Number of protein chains: 2
Amino acid sequence: MKNRTIESAWRGAERCKNCAIRHLVLFADLTHDDFDRIHHPIDDIEFKPGSRVYLQGDEMPFVYTVRSGLIKLVQHLPNGDRRIVRILSQGDLAGLENLDGQPASHEAVTMDHVRVCRIPRSIIASLKRDTPRLHDALLQRWQKALSGADNWITRLSTGNARSRVARLLLLLDENSEDDSFFLPTREDMGAMLGITTESASKMTAGFRRNGLLKPLEDHRAWIDERELKKQFD
Amino acid sequence: MKNRTIESAWRGAERCKNCAIRHLVLFADLTHDDFDRIHHPIDDIEFKPGSRVYLQGDEMPFVYTVRSGLIKLVQHLPNGDRRIVRILSQGDLAGLENLDGQPASHEAVTMDHVRVCRIPRSIIASLKRDTPRLHDALLQRWQKALSGADNWITRLSTGNARSRVARLLLLLDENSEDDSFFLPTREDMGAMLGITTESASKMTAGFRRNGLLKPLEDHRAWIDERELKKQFD
DNA sequence: CGCGCAATTGAGTTATATCAAATACGGTGG
DNA sequence: CCACCGTATTTGATATAACTCAATTGCGCG
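Anyway, here's the lowdown on the structure attached to this text. Note that the structure is predicted; figures quoted are calculated from it, not measured.

Quick notes on the rules
Every chain begins its residue count from 1, and numbering advances along the sequence as written. Chains and ligands are labelled sequentially in the order written, the chains with letters from A and the ligands with numbers from 1. pLDDT decides what is reported in this predicted model: residues at 70 or higher carry local features, side-chain atom pairs at 80 or more are listed and counted, and totals for whole chains, interfaces and linings draw on all residues regardless. Excluded from the side-chain calculations are hydrogens and water; all other atoms, namely the structure's heavy atoms, are used. Put simply, a residue is near a molecule or strand once any heavy atom of it comes within 4 Å of that molecule or strand. Here a polar contact means two N or O atoms within 3.5 Å. Within protein one must be a hydrogen donor candidate and the other an acceptor candidate, and residues neighboring in sequence count only if both atoms are side-chain atoms. Secondary structure elements are taken from DSSP: a helix is a run of H or I of four residues or more, a strand is a run of E of two residues or more, and numbering for both begins at the N terminus. Lys, Arg, Asp and Glu make up the charged group, whereas Ala, Val, Leu, Ile, Met, Phe, Trp, Tyr, Cys and Pro make up the nonpolar group; the residues left over, Gly among them, are polar. Should any heavy atoms of two residues lie within 4.5 Å, those residues are considered in contact. Here the quantity called buried area is the accessible surface, traced with a 1.4 Å probe, that two parts lose on coming together, added over both. We define a salt bridge as a contact between a side-chain nitrogen of Lys or Arg and a carboxyl oxygen of Asp or Glu at a distance within 4 Å. Only Phe, Tyr and Trp rings are paired, with Trp represented by its six-membered ring, and only when their centres lie within 6.5 Å; those with planes under 30 degrees apart are stacked, over 60 edge-to-face, the remainder tilted. Throughout, exposure labels follow a simple rule: accessible area from a 1.4 Å probe, protein chains only, divided by the maximum for the residue type, with under 20% read as buried, over 50% as exposed, and the rest as partly exposed.

As for the protein's contact with DNA strand C
Around DNA strand C there are 16 residues in total, and Ser201 and Arg209 of chain A together with Asn160, Ala161 and Ser199 of chain B lie nearest to it. At a separation of 2.5 Å, a phosphate oxygen of DNA strand C approaches a polar backbone atom of Ala161 of chain B. The contact in question runs from a base oxygen of DNA strand C to an N or O atom on the side chain of Lys202 of chain B, over 3.4 Å. Of all the secondary structure elements, the ones that give two or more residues to the surface near DNA strand C are helix H7 (197-209) of chain A together with helix H7 (197-209) of chain B. It is H7 of chain A that provides the largest number of residues to the surface near DNA strand C, a total of six residues. Residue composition of the surface near DNA strand C, by class: three nonpolar, six polar and seven charged.

Encoded structure:
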């Protein structure tokens, strides 16, 4: 029994060593020795669009490294309002905020097809003790999350609806490797910007009529980045 | 010369060991050995209300532990809009976001009389290498800053102006040791909530007329926490 | 092809911004 | 201690942007 578990763990670590996007993920700088310390399985999991990875209030025995796709972090207010506070993409960690053992502070929902690595928190805890390399990787994740949150406040929650939508489009565009980017539903745009679905729709439709935004197939879109930057930001 | 510098450094570390609020600050869990590694002076600095601790874009050779008072972190947008994204109080670190050497992402301005410890970044860097205790203390600061930022988005940047002001008052009240709390200027309240100075004033005046808010001397105030919580969350 | 959901659009309402004026307040100097 | 000045706050009238509610159109998927 114990043998089988350990076998599985080793296979997990082996996969990590050869991970195609390892340079982007939490374990980027780990050595072979570090990997040999991993005695629990790391699973590769896929989610369909709109899947809940975890719920606000959940116990969090795992963190999730995003391999591909987008995950939204949603916070619900007691009065029923909800607000999307962050978007996670490749290399980001879902559950970072709860590494200390606190229950989940957000609901995590996939926006498109998503692949993640599910990492037991115990692995993080034990590696953290032994290797400063993981420490630095974690600090980088915190850093990115925090500056992202600050931008969310100043750029996406300030000014009129038109500016907010424009700055959201610019942000989505910048974060995309591709020339195009994933265009969220109007409802999600509203929840990111603190405006109604209808307002998000009106502004988006306006940009489309101006030729600043061109929807493509498969929920993706293109923007005239130069012109949009000139008018807003 | 070199001697004098080292003397000063040792005095700095000595003061840290005996700091009255050490249980609250970054160096809470350091051992005597850790302090002996500090070879640069840590200075105790005071600021009058409205002082700029650093400016957006500044190089950041220091971080600042808040000993007493409140510091606002302000971000300026290219179009002139500005938004307060965080309030730092006792035990918080100003400059946390720039420990990696990036120029300051915010402007830091004191809201009242403030005392800080100015810590050279080099000290953090060298201690970080040697002691996991500082690492954990830093992680805690990141954690607090990030959950604070998320709350800022969901509670202070969502809903109508009245709710936002109410939730700001509740937040200020919670973070205060005292029964009373520091009431910011209406302009600052507006910059925190993404509303105009006049709107912040109207809502505040409304609460005062309802008896939910009572201004005290010295820019401080009291709120009917129970009733405010019942009406707004 | 049609069903269901998402997006768009419009009309009417409301909240907030804007502009302007009056009042209160804090600090300073006589 | 009081009078005065500059600044912050309050208040009101009006304009405007966003919300609300409702109907229509568009789109993807079975």
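Let us keep going from here.
Remarks on the interface of chain A and chain B
Facing 31 residues of chain A, the contacting portion of chain B comprises 31 residues. It is Trp142, Leu146 and Ile153 of chain A in chain A that bury the most area against chain B; as a group they hold 21% of the surface buried on that side. At the boundary of chain A and chain B, one finds two salt bridges. Linking Arg86 of chain A and Asp150 of chain B is a salt bridge whose minimum nitrogen-to-oxygen distance equals 2.9 Å. Remark: the boundary between chain A and chain B carries 17 residue pairs in polar contact (both at pLDDT 80 or more).

A few points about the packing of aromatic side chains
Residue and element names in this part refer to chain A. The tally for this structure, following the rule as stated, stands at eight aromatic pairs over all chains. Centre to centre, the rings of Phe27 and Phe35 are 6.1 Å apart; their planes meet at 85°, and the pair counts as edge-to-face. In terms of burial, Phe27 and Phe35 fall into one category: buried. A centroid spacing of 6.5 Å and a plane angle of 55° characterise the contact between Phe62 and Tyr64, whose relative ring orientation is tilted.

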